[in-house]
Amino acid sequence: AGAETQVGNDLGSPEPLRWLLRSPFDRNVPVQLELQELLLDHVFQRLGVSSQGCVDHPIVLTEAVCNPLYSRQMMSELLFECYQVPKVSYGVDSLYSFYHNRRQNWPCSGLVIASGYQCTHILPVLEGRLDAKNCKRINLGGCQAAVYLQRLLQLKYPGHFAAITLSRMEEILHEHSYIAEDYIEELQKWRSPEYYENNVHKMQLPFSNKLLGSTLTSEEKQERRQQQLRRLQELNARRREEKLQLDQERLDRLLYVQELLEDGQMDQFHKALVELNMDSAEELQSYINKLSLAVEQTKQKILQAEVNIEVDVVDSKPETPDLDPLGSEQSLEDVESINEFEPLFAEEQPEVEKPVAAVQPVFNLAEYHQLFLGTERIRAPEIVFQPSLIGEDQAGIAETMQYVLERYPKEQQAVLVQNVFLTGGNTMYPGLKARVQKELLEMRPFQSSFQVHLASSPVLDAWYGARDWAVEHMAREEGWITRKDYEEKGGEYLKEHCASNVYVPIRLPKQAPRTAEALAPSRALTSGTGHPCEQA
C-alpha cells in the first residue's frame, strides 16, 4: 500500500483483477482488495510469518499522501478481519525518510520534496506535522523520464528500435543522467565539438560479430554434411516403411480375392474383379506376383539400411558404393537426394584447403551498435522542472515550490526554506541539489538564507524511518490503531503521528426535517385526478 502502488478497480467489478484508473490522478491509490491480499500473503511469506489464522504482529504501512478514506478503510478491513492483526499504523514514506534523517540541530519544520517513480510531492511540514491543505503533487517521476528517454533514442537510432527497451533506459537514467544547474547554458556547452567529445557517453548494445556471409571451416562443413546425410537416410527409411505398408495392404486384398476363386464363390469373385478394374484371373495372378516381389524387395532394403547405417563422408562427392555397397535402389535414391543438396555443403579437399579471408564490413559493426548519449543525459531528467518538454500542462518543481511557499506568511516561509529536504529514488541524479539551491536563490528575497539537504539513502530511508518509528513507539498508544478503535470508529479512522497523514473524518450533512407546510403541496398534487403524464 505504498505511495507507488498502482490502482485496481472497485471491489464490486465483475473483473476483479483488471486494472482501472478512476481518474488520471489515482495512480497511487490502491482500491483493489483481492490484489492487496495477494501482495500481503507474499510479503508475509517472504518474512517467514505464517498468515494462516492470524498474524500476531503490529503492522506499519505506508500510504499515499492525502490517501482517500475509502482506500484506508479497505486496507484496515483486510488487516483486522482477514489477518487479525493486533494493531496497525499508517504513515507517508517521504515523512518517514524526513523523520529518519533528522538531526539535533535540524528544525522540526521543513519543505519535503519527494520524487518517486510515478509522481513528485511538495510537502510542507510545520512543527513536526504535515500541512495537508498546502500539499501539491506533480504527476511526473522516473517512469515518465524513462519513457521520454526511450522515445528520444528510438528517434535517434531507428535501426535499434527493438533494442532500446524501457529497462535499458532506466539503467541509463541511473548511471549516465544528471540535472543541469542551468539547462539553457548546458545545452549551449553541448554545441561545442570538444565538449561533446569529452562528455559524451557510449553504451554498447549486444550484437553478433559473425557475418551472414562468413565461410565455414572444413570441420564444420563435414559435420554439416554428416547431419544432412543422416536426415536423408531417415527420410528414405520412412518412405520405404510407408510404401511397404501400402503394398502389403494391397497384396492382402488381392490374396483375399484369389481365395474367393479357390473356394468357388464365383459371384463375389467377379464382383471383386470389377472393383479392382481387372478382367481375368490371369491378370489378378500377375498383379499378385509383382506385388509380392515388390514387398520382398522393400523388406530387403529396410534390412540393408539398418546394417549400413554408418556412411563414409570423407569425400565431397561419394560414389554409389560408398552409400550402398550392394548397389541396390536405396543407394541410387540417396545419391540423387544428396545431389540436390550439393550446393549447401560443397567443400574443397582437406589436403588442398586454402585459407579464406573473412569478409570485412564497410563500417565498424561494434560502433554501429553503440548508443551515443549526449544532450539526452540532461533532457530526460529535466522534465520534473519543465514538464512542457513532453507536452504536460503542469508546473515544475520550482514553480510548485514557489506556489506552496507563497501560501504562507513571510515568517513561516523563512522557517520552511531552512530545511528543504530531498528524498525519493528520482532525486538521486547528480546536480539535483545544486539545481534546487539555484531555484531557491532566484525566488527568495535578497540576502535571505536557506538550506537544502539530501537524504542519506533516498531509496531506503523511508523503510529505515518506519523501522525507527516502530521501535520507538512500540510500547506507546500514539499512532497505533487497535482493533477496538477499528470496531468503534470504522476502518477509515487514523491516529495521527509525526509521519502520518492528517485525519479528516467523514461528516455527512444532516437533512432538515420536513414541516407540515412543506408536505401540504405534495399531498395536493398526489390527490388530484387525471393521467399521470398530465399531472407531471
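Residues numbered from 1 in each chain as written. Predicted model: local features only at pLDDT ≥ 70, side-chain atom pairs only at ≥ 80, totals over all residues. Heavy atoms only, no water.

1. Structural notes on the overall build of the protein
So, point 1. Each helix and strand in the protein was counted, giving 21 helices and 11 strands.
So, point 2. Looking at the protein residue by residue over its 536 residues, the buried ones come to 41%.
So, point 3. Contacts in the protein between residues far apart in sequence, at least 24 positions, make up 69% of those at least 6 positions apart. (Helix = DSSP H or I, 4+ residues; strand = E, 2+ residues; numbered from the N terminus. Buried < 20%, exposed > 50% of the residue type's maximum accessible area, 1.4 Å probe, protein only. Contact = heavy atoms within 4.5 Å.)

2. Some thoughts on the side chain of serine 94
So, point 1. Residue placement: serine 94 occurs in helix H3 (residues 93-100).
So, point 2. Residues within four places of serine 94 in sequence aside, it is in contact with Val112, Ala114, Leu123 and Thr423.

3. Re the confidence of the model for the protein
So, point 1. Confidence in the prediction of the protein, expressed as mean pLDDT, is 79, and 76% of residues score 70 or more.
So, point 2. Note that pLDDT drops below 50 for residues 1-25; the model gives that stretch 59 contacts with residues more than four away or on any other chain.
So, point 3. Low pLDDT, under 50, characterises residues 522-536; the predicted model gives this stretch 4 contacts beyond four residues in sequence or across chains. (pLDDT = per-residue confidence, 0-100.)

4. So, the packing of H3 against helix H18 (residues 461-472)
So, point 1. In the contact formed by H3 and H18, the axes pass within 7 Å of each other and the chain directions differ by 70°. Between H3 and H18, the angle is such that the two are roughly perpendicular. Counting all contacts with H3, which are made through Asp93, Tyr96, Ser97, Tyr99 and His100, the residues of H18 involved are Asp461, Ala462, Tyr464, Gly465, Ala466, Arg467, Asp468, Trp469 and Glu472.
So, point 2. Split into classes, the residues belonging to the contact of H3 with H18 amount to 6 nonpolar, 3 polar and 5 charged. (Axes fitted to C-alpha atoms, helices over the stretch in contact; angles between N-to-C directions. Parallel < 35°, antiparallel > 145°, perpendicular 65-115°, else oblique. Nonpolar A, V, L, I, M, F, W, Y, C, P; charged D, E, K, R; others polar.)

5. Structural notes on the sheet that holds strand E11 (residues 481-482)
So, point 1. The strand order across the open sheet built from 3 strands is E1-E2-E11, with neighbouring strands paired in mixed fashion. Only two strands of the sheet have a single neighbouring strand rather than two, namely strand E1 (59-63) and E11.
So, point 2. Note that E1 and strand E2 (residues 87-92) share 5 bridges and pair parallel. Its bridge partner lying in E2, threonine 62 is registered against glycine 91.
So, point 3. On top of the sheet, helix H2 (residues 69-82) reaches E1, E2 and E11; it is set at about 150° to E2, its chief contact. (Pairing = 2+ DSSP bridges.)

6. Some points on the packing of aromatic side chains
So, point 1. Under the definition given, this model contains 8 aromatic pairs.
So, point 2. Geometrically, the ring pair formed by phenylalanine 80 and tyrosine 486 is stacked, given 4.9 Å between the ring centres and 15° between the ring planes. Note that phenylalanine 80 is positioned in helix H2 and tyrosine 486 in helix H19 (residues 483-489), a separation of 406 residues in sequence. Tyrosine 486 matches phenylalanine 80 in its accessibility class, with the two residues each being buried.
So, point 3. Each ring, one from tyrosine 493 and one from tyrosine 503, has its centre 5.3 Å from the other, and the planes form 80°; the classification is edge-to-face. (Phe/Tyr/Trp six-rings, centres within 6.5 Å; stacked < 30°, edge-to-face > 60°.)

7. With respect to unusual backbone geometry
So, point 1. Notably, glutamate 127 is not glycine yet its phi reads approximately 55°, a positive angle.
So, point 2. Note that glutamate 127 resides in the loop between strand E4 (120-126) and strand E5 (129-130).
So, point 3. Although it is not a glycine, glutamine 447 sits at a positive phi angle of roughly 65°.
So, point 4. Residue position: glutamine 447 is located in the loop between helix H17 (432-443) and strand E10 (452-454).

8. Describing the UniProt feature "coiled-coil region" (unreviewed entry) in the protein
So, point 1. With numbering matched to this structure, UniProt assigns "coiled-coil region" (unreviewed entry) to residues 218-252 and 281-308.
So, point 2. Between the C-alpha atoms that bound residues 218-252 the distance is 51 Å, and the span itself is 100% helix and 0% strand. (UniProt positions renumbered as here; feature names shortened; annotations may be inferred.)

9. Concerning the side chain of threonine 427
So, point 1. Residue position: threonine 427 is located in the loop between strand E9 (420-423) and H17.
So, point 2. With a relative accessible area of 2%, threonine 427 lands in the buried category.
So, point 3. At 2.6 Å, the side chain of threonine 427 and the backbone oxygen of glycine 424 are in polar contact.
So, point 4. Residues contacting threonine 427, with those up to four places away along its chain left out, are Ile113, Ser115, Leu422, Leu432, Leu454 and Pro458. (Polar contact = N/O pair within 3.5 Å; in protein donor to acceptor, adjacent residues only side chain to side chain.)

10. With respect to the pattern of salt bridges
So, point 1. Within this structure, the stated rule accounts for 15 salt bridges.
So, point 2. Look at the salt bridges and you will find they share partners, linking Glu81, Arg483 and Glu487 into a network. (Salt bridge = Lys/Arg side-chain N within 4 Å of Asp/Glu carboxyl O.)

11. A look at the pairing of E2
So, point 1. Of all 6 residues making up E2, 6 are buried, and the element is well covered by its neighbours.
So, point 2. What you see with E2 is no split at all: Lys87, Ser89 and Gly91 on one side and Val88, Tyr90 and Val92 on the other are buried throughout.
So, point 3. Considered for its hand, the β-α-β crossover made up of E1, H2 and E2 is right-handed. (Right-handed = clockwise from strand over helix to strand, strands pointing away.)

12. With respect to H17
So, point 1. The terminal C-alpha atoms of H17, which comprises 12 residues, lie 17 Å apart, in line with the 16 Å expected from a rise of 1.5 Å per residue.
So, point 2. Every buried residue of H17 is accounted for by Leu432, Arg435, Val436, Lys438, Glu439, Leu440 and Met443.
So, point 3. Where H17 is buried, its residues touch strand E3 (110-115), helix H15 (397-405), E9 and E10. (Expected span 1.5 Å × (residues − 1).)

13. Let's talk about helix H8 (residues 218-262)
So, point 1. Helix length check: H8, at 45 residues, gives a terminal C-alpha distance of 65 Å against a target of 66 Å (1.5 Å per residue), a fit within 8%.
So, point 2. The first or second residue beyond H8 is glycine 264, which carries a positive phi of 80°.

14. Quick notes on the nonpolar core
Note that soluble globular proteins tend to have their nonpolar side chains buried in a common cluster.
So, point 1. The biggest cluster of nonpolar side chains holds 42 residues, and the ones touching the most others in it are Ile113, Leu153, Met401, Val436 and Leu440.
So, point 2. Among the secondary structure elements, those contributing two or more residues to this core are E3, helix H4 (142-156), helix H5 (166-176), strand E8 (370-373), H15, E9 and H17.
So, point 3. Take this core: its biggest share by element is 6 residues, from H4.
So, point 4. Apart from residues no more than four positions distant in its own chain, isoleucine 113 is found in contact with His121, Ile122, Ile397, Met401, Val420, Phe421, Leu422, Thr423, Thr427 and Val436.
So, point 5. Within the second largest apolar cluster, 21 residues are counted, among which are Ile59, Leu78, Leu79 and Ile481. (Core = buried A, V, L, I, M, F, W, Y, C linked by side-chain atoms within 4.5 Å.)

15. Observations concerning the environment of arginine 168
So, point 1. Residue placement: arginine 168 occurs in helix H5.
So, point 2. Relative accessible area serves as the criterion here: at 23%, arginine 168 is assigned to the partly exposed category.
So, point 3. Considering only alpha carbons, one finds arginine 168 and methionine 203, 35 residues apart in sequence, at a separation of 9.9 Å.
So, point 4. Beyond its immediate chain neighbours, meaning those up to four positions away, arginine 168 contacts Ala163, Met203, Leu205 and Pro206.

16. Concerning the packing of H8 against helix H9 (residues 266-275)
So, point 1. Where H8 contacts H9, the axes come no closer than 8 Å and their chain directions differ by 150°. In terms of axis orientation, H8 runs roughly antiparallel to H9. Crossing hand, H8 versus H9: left-handed. Of H9, the residues touching H8 (which contributes Arg253, Val257, Leu260 and Leu261) are Met266, Gln268, Phe269, Ala272 and Glu275.
So, point 2. Tallied by class, the residues present in the contact of H8 with H9 amount to 6 nonpolar, 1 polar and 2 charged. (Left-handed = near helix turned anticlockwise from the far one by under 90°.)

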